[in-house]
Amino acid sequence: MGPSNVLCVLHRVRLLSPVWTVRLGRSVDCKVALDGGRPAQCAAQQRRRYSMESALNQHMGELTARESRVLARLYEGLVTGQRACLAESITLVETQHPRKRQLAQALLQRVLDHRRQQEELSGGKPLAFRVGLSGPPGAGKSSFIEVFGKMLTGSGHKVSVLAVDPSSCTTGGSLMGDKTRMTELSRDMQAYIRPSPTSGTLGGVTRTTNEAIVLCEGAGYDIVLVETVGVGQSEFAVADMVDMFVLLIPPAGGDELQGIKRGIIEMADLVVITKADGDLLVPARKIQAEYTSALKLLRKKSKTWNPKVTRMSSLTG
Ligand SMILES: Nc1nc2c(ncn2[C@@H]2O[C@H](COP(=O)(O)OP(=O)(O)OP(=O)(O)O)[C@@H](O)[C@H]2O)c(=O)[nH]1
């Protein structure tokens, strides 16, 4: 058992994902809000898509010559996969400055248009797969992402990691997305790691994260991992933006099922019991059995997918 197990599940889910996201019956508003690039899966989604596009157009005032140059530079750099331009573009969408917000909206519009063209060329298949990863502090999320991310880049994927940390709103910076937590992956040229500071509200998490996802996809990253600390409301918003939501649970710490909000368990498509090695292997097995029973009691969300519980170790596989 190990990250490769998760990779297998991910591949299976990816095959199902176009029908699956809709069948799960989730609110897909967040995902569709800025996601004109995905093939329209139902009339309602299409309606939302058009209303978002017209909203974007309305907000776009006249750009100055300098702004147009900045926009062209960022767009060209982004779609040709330049990491510096991706970083600058994400900073732009995170801004609170009204004029820069307009520029960000114009950039997003161009990136969405580009992605739509790319998707048409690939026969309507979504170009990227989004995975949300959540768990309590210390669950082993960054260790898992490090190993899992390397495995994905090793099999030819381009991976971006967005670390959402709503607690950082007072400083405006992100504490959680510190690159030093994923040293190997941050050196990998096929991976891009980005803390995603928020404007402090749930709406802030939703907007900036959603827009950052769109930019990463526009820059050619075909797997987008969104990491949240499973202690607030932000993971509910993130769960709605992704194709697959993974809950990471550590084996130690007492009554784990009590400690995790039931609602988050209900959102999970895959539960991963982390640190299943050494002395923690036995408790990991026990928790795996508990979660397997707990998930059986929950209402089935999808006809095509049953949430799974697996265990892994970032140290031993
Ligand atoms: N034995 C063992 N320890 C692990 C494993 N994965 C992570 N750890 C340890 O668990 C601790 C927390 O790991 P992190 O990966 O930083 O956990 P996190 O969920 O990202 O933590 P936050 O950044 O606080 O949210 C570290 O001391 C790791 O060395 C594992 O697979 N096995």
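What you see is a predicted model; the values in this text were computed from it and never measured.

Here we take up the overall build of the protein. Broken down by element type, the protein carries 13 helices and seven strands. Burial statistics for the protein: of 317 residues in total, 52% are counted as buried. Put simply, of all contacts in the protein between residues at least 6 apart along the chain, 77% involve residues at least 24 apart.

Where helix H4 (residues 65-79) contacts helix H6 (residues 98-121), the two axes come as close as 10 Å, and the packing angle between them is 40 degrees. With respect to each other, H4 and H6 are oriented oblique. Handedness of the H4/H6 crossing: right-handed. Contact residues: Glu67, Val70, Leu71, Ala72, Leu74, Tyr75, Leu78 and Val79 in H4; Arg99, Leu103, Ala106, Leu107, Arg110, Val111 and His114 in H6. For the contact of H4 with H6, the class distribution of residues is eleven nonpolar, one polar and three charged.

Leu86, Ile90, Leu107, Leu215, Val271, Ile273 and Tyr291 are the most contacted members of the largest nonpolar core, which has 49 residues in total. Ranked by residue count, the leading element in this core is H6, at seven residues. Apart from the residues lying within four places of it in its own chain, the contact partners of isoleucine 273 are Ile249, Pro251, Ala284, Ile287, Gln288, Tyr291, Val309, Thr310, Arg311 and Met312. Of all hydrophobic cores here, the second largest spans 21 residues; its members include Leu185, Ile223, Leu225 and Leu248.

Moving on, we get to the packing of aromatic side chains. The full count for this structure, using the stated rule, is two aromatic pairs. Centre to centre, the rings of phenylalanine 144 and phenylalanine 148 are 5.1 Å apart; their planes meet at 20 degrees, and the pair counts as stacked. Taken as a pair, phenylalanine 144 and phenylalanine 148 lie in helix H7 (residues 141-154) at a separation of four residues, close to a single helical turn. The buried category is assigned to phenylalanine 144, whose relative accessible area is 1%. Phenylalanine 148 sits in the buried class, given a relative accessible area of 1%. Seen in terms of ring centroids, tyrosine 192 and tyrosine 221 are 6.1 Å apart; in terms of plane orientation they differ by 45 degrees. Their pairing is tilted. Here the residue tyrosine 192 occupies a position in strand E3 (residues 191-196), and tyrosine 221 occupies one in the loop between helix H9 (202-218) and strand E4 (223-229), the gap between them amounting to 29 residues. Among the residues examined, tyrosine 221 registers a relative accessible area of 2% and is labelled buried. Of note, lysine 158 hangs over the ring of tyrosine 221, and the distance from its end group to the ring centre comes to 4.5 Å.

The rules we used
- Every residue gets a number counted from 1 within its own chain, in the order that chain's sequence is written.
- Per-residue local features are limited, in this predicted model, to residues with pLDDT of at least 70; the limit for side-chain atom pairs, both in listing and counting, is 80 or more; totals at the level of whole chains, interfaces and linings are taken over all residues.
- As a rule here, side-chain values come from all non-hydrogen atoms in the structure, and water together with hydrogens is ignored.
- Only DSSP runs of H or I covering at least 4 residues are called helices, and only runs of E covering at least 2 are called strands; the numbering of each starts at the N terminus.
- To sort residues, take the accessible area from a 1.4 Å probe on protein chains only and compare it with the maximum for the residue type: under 20% means buried, over 50% means exposed, and anything in between is partly exposed.
- Two residues form a contact once any of their heavy atoms are found within 4.5 Å.
- Only the stretch in contact is used when a helix axis is fitted, and all axes are lines through C-alpha atoms; the angle between N-to-C directions ranges over 0 to 180 degrees.
- Roughly parallel covers angles under 35 degrees, roughly antiparallel covers those over 145, roughly perpendicular covers 65 to 115, and oblique covers all other angles.
- Handedness of a crossing is defined here by the sense of rotation of the near helix relative to the far one, left-handed for an anticlockwise turn of less than a right angle and right-handed for a clockwise turn.
- Asp, Glu, Lys and Arg are counted as charged, while Ala, Val, Leu, Ile, Met, Phe, Trp, Tyr, Cys and Pro are counted as nonpolar; the rest, among them Gly, fall into the polar class.
- In this text, buried Ala, Val, Leu, Ile, Met, Phe, Trp, Tyr and Cys residues form a nonpolar core when linked through side-chain atoms within 4.5 Å.
- Note on aromatic pairs: the rings of Phe, Tyr and Trp (six-membered ring only in Trp) are paired at centre separations within 6.5 Å, and the planes decide the class, stacked below 30 degrees, edge-to-face beyond 60, tilted for the rest.
- Note on criteria: charge over ring means Lys NZ or Arg CZ within 6 Å of the ring centre, with the direction from the centre no more than 35 degrees off the ring normal.

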